[in-house]
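# Summary of structural features
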Amino acid sequence: MSSSDIFQSEVLGTMVLVLLGGGVCAAVNLKRSKAFAAGWVAIAFGWGFAVLTGAYIAQSSGAHLNPAVTLALAMKGGKGATPWSDVPVYLGSEMLGAMLGAVLVWLVYYAQFQVTLREPDVVEMKNANPGPVHGVFFTSPEVRKPLLNFLTEVIATFVLILAILTQGLVKDVDGTVGLGKMGALITALVVVGIGLSLGGPTGYAINPVRDLGPRIIHAVLPLPNKGGSDWSYAWVPVVGPMAGAAIAAGVYNLAWG
């Protein structure tokens, strides 16, 4: 598969993943949204459907959509491992797609952002870090204990990656290995399960670009009274998922490689 094919597929798939995932967070958290205050279950299922849709769109590139998945598939032993030479293309594509998805969330919910961020209580706390709409763009913990938060992201991503590696990856005719149609459905349900069971402490990034890309967009968007982008925490949802993926790939290679 050519680099341009990977780029196109992963950009579009990751863009839709973040558009729908960030979109459900916006729908639940922003005032004057019809889904306002719908709750955590709506967010967990919304992210699951976001993964499913993005994975179907990016079938031709193996539907990585996540640097943690790319790392694990590169570390995976035996035939079908992602070539290390393709890893930079995957990572760059995923990052760009995540940033574009965050911009689209902003455009779709532009009116709701304006209403929510001009509420008197928000104006009063406009210098807060993280800001009042941070959950739409990036994760932050309910209890800020960086090492424990890091461990949560490691464990949650370990579950995701081990589920992907053990369910049976599909090899396309051009040699690309990734999730097939049934694998995408299973992975989406795993993401819902992780959100419901393990997402409470940190908001379950389990995907570095899902957090970092939109965090960058939050920092540059002209949102009124948006507060800070919580850069002091930003390493946790990037390093944690990558560490969890590496551990999962190592366990898989030892047990089944």
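Residues numbered from 1 in each chain as written. Predicted model: local features only at pLDDT ≥ 70, side-chain atom pairs only at ≥ 80, totals over all residues. Heavy atoms only, no water.

We now examine the overall build of the protein chain. Looking only at helices and strands, the protein chain has eleven helices and two strands in total. Reading the helices (α) and strands (β) of the protein chain from amino to carboxyl end gives α-α-α-α-α-α-α-α-β-β-α-α-α. The principal-axis extents of the C-alpha atoms in the protein chain amount to approximately 60 × 35 × 30 Å. Expressed as a percentage of its 257 residues, the buried residues of the protein chain come to 52%. Taking as baseline every contact in the protein chain between residues at least 6 positions apart, the subset at least 24 positions apart corresponds to 78%. Accessible surface, the protein chain as shown: approximately 10900 Å² in total, 68% of it carbon and sulfur. Computed over 14 positive and 13 negative side-chain charges, the separation of the two mean positions in the protein chain equals 4 Å. (Helix = DSSP H or I, 4+ residues; strand = E, 2+ residues; numbered from the N terminus. Buried < 20%, exposed > 50% of the residue type's maximum accessible area, 1.4 Å probe, protein only. Contact = heavy atoms within 4.5 Å. Areas by Shrake-Rupley, 256 points an atom, 1.4 Å probe, with all protein chains shown as cover. Lys, Arg positive; Asp, Glu negative; His and termini not counted. Charge placed at Lys NZ, Arg CZ, Asp CG, Glu CD.)

For the structure on display, the rule yields three salt bridges. Close ionic contact of Asp-230 with Arg-144 constitutes a salt bridge, the shortest N to O distance being 2.7 Å. Here Arg-144 lies in the loop between helix 7 (134-137) and helix 8 (146-166) and Asp-230 lies in the loop between helix 10 (208-220) and helix 11 (236-255), a separation of 86 residues in the sequence. Overall, the relative accessible area of 2% leaves Asp-230 in the buried class. A salt bridge links Arg-215 to Asp-211; its shortest N-O distance comes to 2.6 Å. Residue Arg-215 and its partner Asp-211 are both found in helix 10; the two are separated by four residues, about one turn of the helix. (Salt bridge = Lys/Arg side-chain N within 4 Å of Asp/Glu carboxyl O.)

Our next topic: the packing of helix 3 (residues 67-75) against helix 4 (residues 87-108). Direction vectors running N to C along helix 3 and helix 4 enclose 170°, while the axes themselves pass 9 Å from each other. Classified by the angle between their axes, helix 3 and helix 4 sit roughly antiparallel to one another. Residues Pro-67, Thr-70 and Ala-74 of helix 3 form the contact with helix 4, whose own contacting residues are Val-87, Tyr-90, Leu-91 and Glu-94. Of the residues assigned to the contact of helix 3 with helix 4, the class counts are five nonpolar, one polar and one charged. (Axes fitted to C-alpha atoms, helices over the stretch in contact; angles between N-to-C directions. Parallel < 35°, antiparallel > 145°, perpendicular 65-115°, else oblique. Nonpolar A, V, L, I, M, F, W, Y, C, P; charged D, E, K, R; others polar.)

Here the focus is the side chain of Glu-10. As for its placement among the helices and strands, Glu-10 is situated in helix 1 (residues 3-29). No salt bridge is formed by the buried Glu-10; its nearest oppositely charged neighbour, Lys-181, is found at 14 Å. Polar contacts involving the side chain of Glu-10 include one to the main-chain amide nitrogen of Leu-65, which spans 2.8 Å. Setting aside its immediate chain neighbours within four residues, Glu-10 contacts Ala-58, Ser-61, Ala-63, His-64, Leu-65, Tyr-90, Ser-93 and Glu-94. (Polar contact = N/O pair within 3.5 Å; in protein donor to acceptor, adjacent residues only side chain to side chain.)

Before going further, it helps to examine a nonpolar patch on the surface. Taken together, the side chains of Trp-40, Val-41, Phe-45, Phe-49 and Leu-196 make up a nonpolar region of the molecular surface, amounting to roughly 490 Å² of accessible area. Among the elements that line the nonpolar patch, the one with the most residues is helix 2 (residues 40-57), at four residues. For Trp-40, the position within the fold is in helix 2. (Patch = residues over 30% accessible without salt bridge, like charges linked within 9 Å, V, L, I, M, F, W, Y side chains within 5 Å.)

Before going further, it helps to examine the nonpolar core. Within the largest apolar cluster, 36 residues are counted, with the highest numbers of intra-cluster contacts made by Trp-47, Leu-160, Ile-161 and Tyr-204. Looking at this core, the elements with two or more residues in it are helix 1, helix 2, helix 3, helix 8, helix 9 (181-198) and helix 11. With residues up to four places along the chain from it excluded, the contact list for Leu-160 reads Asn-66, Thr-187, Val-190, Val-191, Ile-194 and Ile-206. Counting residues in hydrophobic clusters, the runner-up holds 21 residues, among them Met-95, Ala-102, Phe-137 and Leu-223. (Core = buried A, V, L, I, M, F, W, Y, C linked by side-chain atoms within 4.5 Å.)

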